[in-house]
Amino acid sequence: MNSVERLVHMANQIATNLATDAAPAAAVADHIQTFWDPRMKKMIFAHGTDGLSPVAAAAISLLADAQNGG
């Protein structure tokens, strides 16, 4: 498993673990923002949402939008 595949796997695991949160995508985004190294976030943003669960994909989109001033 390469680095990007590992990040996709991790994001999907986080999404699974936080699926019952009232706002799961926001909870996953918060977790990634808090605990992932900036290099990890940069790699997942460059990768896009391919292979991510819907919740993980939404979280990455939220973070990418926030990073881009949206």
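Before any of the text, the structure's been laid out above.
Residues numbered from 1 in each chain as written. Predicted model: local features only at pLDDT ≥ 70, side-chain atom pairs only at ≥ 80, totals over all residues. Heavy atoms only, no water.

**Considerations on the pattern of salt bridges**
Okay, step 1: Here the structure, examined in full by the defined rule, presents 1 salt bridge.
Okay, step 2: Residue Arg 39 is joined to Asp 37 by a salt bridge in which the shortest nitrogen-to-oxygen separation is 2.8 Å.
Okay, step 3: Residue Arg 39 is classed as exposed on the basis of its relative accessible area, which comes to 62%.
Okay, step 4: Residue classification places Asp 37 among the partly exposed residues on the basis of a relative accessible area of 25%. (Salt bridge = Lys/Arg side-chain N within 4 Å of Asp/Glu carboxyl O. Buried < 20%, exposed > 50% of the residue type's maximum accessible area, 1.4 Å probe, protein only.)

**What about the environment of Ile 14?**
Okay, step 1: Note on placement: Ile 14 falls in helix α1 (residues 3-17).
Okay, step 2: When the C-alpha positions of Ile 14 and Ala 27 are compared, they lie 9.1 Å apart, and in sequence the two are 13 residues distant.
Okay, step 3: Those residues in contact with Ile 14, other than ones at most four positions away along the chain, are Val 28, His 31, Ile 32 and Trp 36. (Helix = DSSP H or I, 4+ residues; strand = E, 2+ residues; numbered from the N terminus. Contact = heavy atoms within 4.5 Å.)

**Some points on helix α3 (residues 38-47)**
Okay, step 1: Every buried residue belonging to α3 is among Lys 41, Ile 44 and Phe 45, and all of these are buried. Taken around the axis of α3, the buried residues stretch over an arc of 100°, which confines them to a single face. Pointing more than 90 degrees away from the buried face of α3 are the exposed residues Arg 39, Lys 42 and Ala 46.
Okay, step 2: Residues of α3 that are buried in the fold lie against α1, α2 (24-35) and α4 (54-67).
Okay, step 3: Two or three places before Arg 39, at the opening of α3, Asp 37 has a side-chain oxygen 2.7 Å from that residue's backbone nitrogen.
Okay, step 4: A positive backbone phi angle near 90° is found at Gly 48, which sits one or two residues after α3. (Arc of directions from axis to C-beta. Polar contact = N/O pair within 3.5 Å; in protein donor to acceptor, adjacent residues only side chain to side chain.)

**Concerning the nonpolar core**
Okay, step 1: Core analysis: the largest hydrophobic core is formed by 18 residues, its most contacted members being Ile 32, Trp 36, Ile 44 and Leu 52.
Okay, step 2: Only α1, α2, α3 and α4 provide two or more residues apiece to this core.
Okay, step 3: Among the elements that take part in this core, α4 stands out by supplying 6 residues, more than any other. (Core = buried A, V, L, I, M, F, W, Y, C linked by side-chain atoms within 4.5 Å.)

**Quick look at the side chain of Asn 12**
Okay, step 1: Tracing the backbone shows Asn 12 in helix α1.
Okay, step 2: Asn 12 sits in the buried class, given a relative accessible area of 19%.
Okay, step 3: Not counting the four nearest positions on each side in its chain, Asn 12 is found in contact with Gly 51, Leu 52, Ser 53 and Ala 56.

**Side note on the packing of α1 against α2**
The packing of two helices is summarised by the inter-axis angle and the distance between the axes.
Okay, step 1: At their nearest, the axes of α1 and α2 sit 9 Å apart, and the two run at 130° to each other. Here α2 runs oblique to α1, going by the angle between their axes. Handedness of the crossing formed by α1 with α2: right-handed. Side by side, α1 and α2 meet where Ala 11, Ile 14 and Ala 15 of the first sit next to Val 28, His 31 and Ile 32 of the second.
Okay, step 2: Looking at the contact of α1 with α2, its residues break down into 5 nonpolar, 1 polar and no charged. (Axes fitted to C-alpha atoms, helices over the stretch in contact; angles between N-to-C directions. Parallel < 35°, antiparallel > 145°, perpendicular 65-115°, else oblique. Left-handed = near helix turned anticlockwise from the far one by under 90°. Nonpolar A, V, L, I, M, F, W, Y, C, P; charged D, E, K, R; others polar.)

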